[in-house]
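Tertiary structure, described
Letter by letter, the chains look like this.
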Amino acid sequence: MAMALALGRHLTRHACSIGRAATGVPTLASAPAPALVHRQQRWLQTGLVGLPNVGKSTLFNAMLGRAAAEASNFPFCTIDPNYGSALVPDRTLTALGESVSSVRVVPTTVDIVDIAGIIKGASTGAGLGNQFLANIRECDAIIEVVRCFEDPEITHVDGSIDVIRDIDVIDMELALADLAMLEKATTKSKSKSRTAEENAVLERALDGLSNGQWASSLGFNKTELETLRLYPLLTLKPVIYAANVDEDDLATGNAAVDAVRAYASERGGETVVVSARTEELISELPEADRVEMLEALGVKHGEVGLDALVRAAYSRLDLITFYTCGPTETRAWTVRRGATAPEAAGRIHSDMQAGFIRADCVASSDLLEHGGQAACKEKGLVRTEGKAYIVNEGDVFLFHFRNK
């Protein structure tokens, strides 16, 4: 009750403004905190999956900071997938914006898809199985929401809480769906058109999937994975297990969370503890107020909860952040790890990639530590990089390019 009353006093405080982008290398100045602009950058998608009534849609709403998906106490409340973008928590971005008195600060995002609940038999069309599988194949990573809380008022599709049984249902259905798809695909294409090595990879995958194993757990090397990626396998996608708990267990977890962690570790997955209901309640608060509320529950910023989940999704997609920074706008941008400087410039505008000449680059940590561009230049920390430069996490760029 105390949390609900406190939330009511804060929900109407937050406002944002939108403007055009500017690039540059910052100099230090002091100013009030800049406006945070919730402007979307469409990028790779992460799908929220799970049994019915595990809290997927509640978590989705919390990640977006608004009620975008219906969340009700009956199976298949979600039928058509819901799409949205979750802001990626970034204290470096905030500090950079404050350091140059930016009018606007624009965070990067992770695209989230809330997909219909899956039940046993989905791989053969039970429930909304066929639709579910088509939706998840379009995603690049999976967040599997696992119910780790007891509540007699929220029905469980199988009548009781058993996290390993629940995870096994989903993982087995995805494996069986991949098995059916791969059998069909390999039957249509003649084995003679593939090399002996490619046929061996496919046979190994078929054997593992028939035993309920995920393709990602079968120890394929890089070359073998290239063969498998010709097929849209669900079980090759990176997975995060979101252990959804009550408010009281958010800081410490519980026995169900421990079981999820052990299972995920065996599968090479990652576990993040969340309380979807709590996060939904505080999702529209300013960051400082959200942090204060979570600290009152014993939660340290970024260790568990929504921020940790979004960051984990960003990491599992192998994405990194670079920045452009100036008095008009400071902005975070997303690229795949291993991207070159011209490819980073292309995230801003295709003309910048096509006409790329060079990039002035400084690490955001150096910029903040030494007090701006001038000090960094004096210490030789501002570099000129060419087309072959590989972008590092936290780079701040000023791109030079010719119009074509």
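1. Some points on the overall build of the protein
Across its full length, the protein holds 15 helices and 13 strands. Split into buried and exposed, the 404 residues of the protein put 51% on the buried side. Contacts in the protein between residues at least 24 apart in sequence constitute 73% of all its contacts with a sequence separation of at least 6. When the accessible surface of the protein is summed, it comes to about 18400 Å², and 50% of that surface belongs to carbon and sulfur atoms.

2. Overview of the packing of aromatic side chains
Taken as a whole and assessed by the stated rule, the structure comprises seven aromatic pairs. On the numbers, 5.6 Å between centres and 70° between planes, the contact of phenylalanine 322 with phenylalanine 397 is edge-to-face. Here phenylalanine 322 is found in strand β9 (residues 319–324), whereas its partner phenylalanine 397 is found in strand β13 (residues 395–401), with 75 residues between them in sequence. Residue classification places phenylalanine 397 among the buried residues on the basis of a relative accessible area of 0%. Pairwise contacts between aromatic rings join Phe322, Trp333, Phe356, Tyr389, Phe397 and Phe399 into one cluster.

3. Re unusual backbone geometry
Positive phi outside glycine occurs at asparagine 53, with the angle close to 65°. The backbone phi angle of serine 101 is positive, close to 55°, even though this residue is not glycine. Mapped onto the elements of the fold, serine 101 is located in the loop between α3 (91–99) and β4 (104–106). Residue classification places serine 101 among the partly exposed positions, given a relative accessible area of 27%.

4. Re the pairing of strand β2 (residues 45–49)
A large share of β2 lies buried, amounting to five of its five residues. Where burial is concerned, the two faces of β2 agree: the one with Gln45, Gly47 and Val49 and the one with Thr46 and Leu48 are both buried. Where β2 meets strand β5 (residues 109–114), four bridges bridge the pair, whose relative direction is parallel. In the strand pairing of β5, leucine 48 is matched with aspartate 114. With four bridges joining them, β2 and strand β6 (residues 141–147) adopt parallel strand pairing. The residue bridging valine 49 from the neighbouring strand is glutamate 144, located in β6.

5. Concerning the sheet that holds strand β7 (residues 239–244)
With mixed pairing, the six strands of this open sheet are ordered in space as β3-β5-β2-β6-β7-β8. The open sheet has two free edges, formed respectively by β3 (82–87) and β8 (270–274), since each of these has just one partner strand. Direction aside, the axes of adjacent strands within the sheet are offset by 30° on average. Running over the sheet, helix α2 (residues 56–64) touches β2, β3, β5, β6, β7 and β8 and is turned about 45° from β3. Helix α11 (residues 305–316) contacts β2, β3, β5, β6, β7 and β8 of the sheet and is inclined by roughly 155° relative to β8.

6. So, the packing of α2 against α11
Viewed as axis vectors pointing N to C, α2 and α11 meet at an angle of 85°, and their least axial separation amounts to 11 Å. Regarding the angle of α2 to α11, the classification is roughly perpendicular. Taking contact as the criterion, the partners of Leu59, Ala62 and Met63 in α2 are, on α11, Leu306, Leu309 and Val310. Taken together, the residues that form the contact of α2 with α11 break down as six nonpolar, no polar and no charged.

7. Quick notes on α2
With nine of nine residues buried, α2 is to be regarded as a mostly interior element. All buried positions along α2 are accounted for by Lys56, Ser57, Thr58, Leu59, Phe60, Asn61, Ala62, Met63 and Leu64. Phi for glycine 65, located one or two positions after α2, is positive at around 75°.

8. Let's talk about the confidence of the model for the protein
Summary statistics for the protein give a mean pLDDT of 81 and a share of 80% for residues scoring 70 or more. Across residues 1–33, where pLDDT falls below 50, the model places 75 contacts with residues more than four positions away in sequence or in other chains.

Rules used in this analysis
- Residues numbered from 1 in each chain as written.
- Predicted model: local features only at pLDDT ≥ 70, side-chain atom pairs only at ≥ 80, totals over all residues.
- Heavy atoms only, no water.
- Helix = DSSP H or I, 4+ residues; strand = E, 2+ residues; numbered from the N terminus.
- Buried < 20%, exposed > 50% of the residue type's maximum accessible area, 1.4 Å probe, protein only.
- Contact = heavy atoms within 4.5 Å.
- Areas by Shrake-Rupley, 256 points an atom, 1.4 Å probe, with all protein chains shown as cover.
- Phe/Tyr/Trp six-rings, centres within 6.5 Å; stacked < 30°, edge-to-face > 60°.
- Pairing = 2+ DSSP bridges.
- Axes fitted to C-alpha atoms, helices over the stretch in contact; angles between N-to-C directions.
- Parallel < 35°, antiparallel > 145°, perpendicular 65-115°, else oblique.
- Nonpolar A, V, L, I, M, F, W, Y, C, P; charged D, E, K, R; others polar.
- pLDDT = per-residue confidence, 0-100.

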